[in-house]
Amino acid sequence: DDTPPSGPTPSPTPGDVPANPRSAPGMLGVEGDDDGGMPDSATLKKKVTTVTKTVTTTTTTVQESEAATPDAEAPTAAPSAVRGYAVSQYNANKPIEDKASSVHEDELFVGAVLDGHGGWEVAEFVSTRMTAEVQTQLKEADAWVGPSVEEVDKKVGAALDAAFVNLDNQWIELVRQFFNQGFTHVAKVGSCGVVLVVRPDKVVCANAGDCRAVLGRKEPAIGKRKRETVAAVPLSIDHNCRDPREQVALFKAHPGEEDVVLCASPNVCYVKGRLQPTRGFGDLFLKSAEFNNDPTRKGGVMMPEPFSPPYIQVSPEVTIVERTEKDQFVVVGSDGLWDFMSNEEAIAFVSERLVSE
């Protein structure tokens, strides 16, 4: 749960804040939003296994590239995006607020991890629709076809952004019916979400919130290192209010609102004192004044003035990475995993447990 247990204390006043030290390779931008994509190709086969250790929901995808061996007496089969995948989760609350979904059809794998907060409803709503929505948007945009790699990247990034925004808008329409009848709690339920799209030649990650995806990639033996190691390559950047990058953006978007970032400690900060993630699905009371009314609260509102929504957004940051023969697997998980393991620890945990064929 990313909502505060008690009232946090004000954060330091805004100013020059160092840039985010974490960075994901291949981060792309379209019309002010970060996005990315991938064209088709390759004759690689992949191997996928799963190992997970988390207190919420974690999906671990393992991919091992092998050169395909064509059969002289039969047509060469179309390359597969992955050769396997699995999901594991630990019920940290009941009902569990975190969900995962996936679909694999030949050259396309789509997987999603949703990390709910304030309730299970948003995570459930998005997880049951996300893979189909991503496939629909990619198909309608004819996203894998274009005159250049850059054009394809833009189309795929825009399609993933549309998938996130469309699902959030669908949730808004559903919530509006109940909110207007006095069921105001539905406006305070939300979910972070990360989507992994895999093709034979590339990996694309779309992230909104503090879920995370990390690629395990082999590195050659160098110097005193006698054997290959598996390095952790981040595919996403956390969107959390403790991050200096996110704090700068919030203070810039809401000048004069000293309470736009409130921190209980240097590593625990909240948007308007209410929510740690700065991107995600739902949490409509922080996105629109329409969902701020609450007759059960003093003053009849959830958030008192100054109040200038939206404070959070659903549009994801999208990262694109070219696949290589060194790529082994991808670990995708909620912050229930990443609060306890670093990127490097998670990659090492999986790598040590892989069984070679």
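Structure's up top.
A few points on the structure. (Residues numbered from 1 in each chain as written. Predicted model: local features only at pLDDT ≥ 70, side-chain atom pairs only at ≥ 80, totals over all residues. Heavy atoms only, no water.)

1. Some thoughts on unusual backbone geometry
Phase 1: The residue after Glu305, namely Pro306, is reached through a cis peptide bond having omega 0°.
Phase 2: Relative to the helices and strands, Pro306 is located in the loop between β16 (281-282) and β17 (317-322).
Phase 3: You will see that Asp106, though not glycine, has its phi angle at about 55°, which is positive.
Phase 4: Following the sequence through the fold, Asp106 ends up in the loop between β8 (98-105) and β9 (108-117).
Phase 5: A positive phi angle, near 50°, is found at Asp283, a position not held by glycine.
Phase 6: Mapped onto the elements, Asp283 comes out in the loop between β16 and β17.
Phase 7: In this structure Asp283 comes out as buried when scored by relative accessible area, which is 2%. (Helix = DSSP H or I, 4+ residues; strand = E, 2+ residues; numbered from the N terminus. Buried < 20%, exposed > 50% of the residue type's maximum accessible area, 1.4 Å probe, protein only.)

2. Some words on a nonpolar patch on the surface
Phase 1: On the surface, Leu174, Phe178 and Phe183 cluster together into a nonpolar patch covering about 280 Å² of accessible area.
Phase 2: Assignment of secondary structure puts Leu174 in helix α3 (residues 149-179).
Phase 3: Taking the relative accessible area as the measure of exposure, Leu174 reaches 31% and is therefore partly exposed. (Patch = residues over 30% accessible without salt bridge, like charges linked within 9 Å, V, L, I, M, F, W, Y side chains within 5 Å. Areas by Shrake-Rupley, 256 points an atom, 1.4 Å probe, with all protein chains shown as cover. Salt bridge = Lys/Arg side-chain N within 4 Å of Asp/Glu carboxyl O.)

In short, the description is geometric, and any link to function would need to be established separately.
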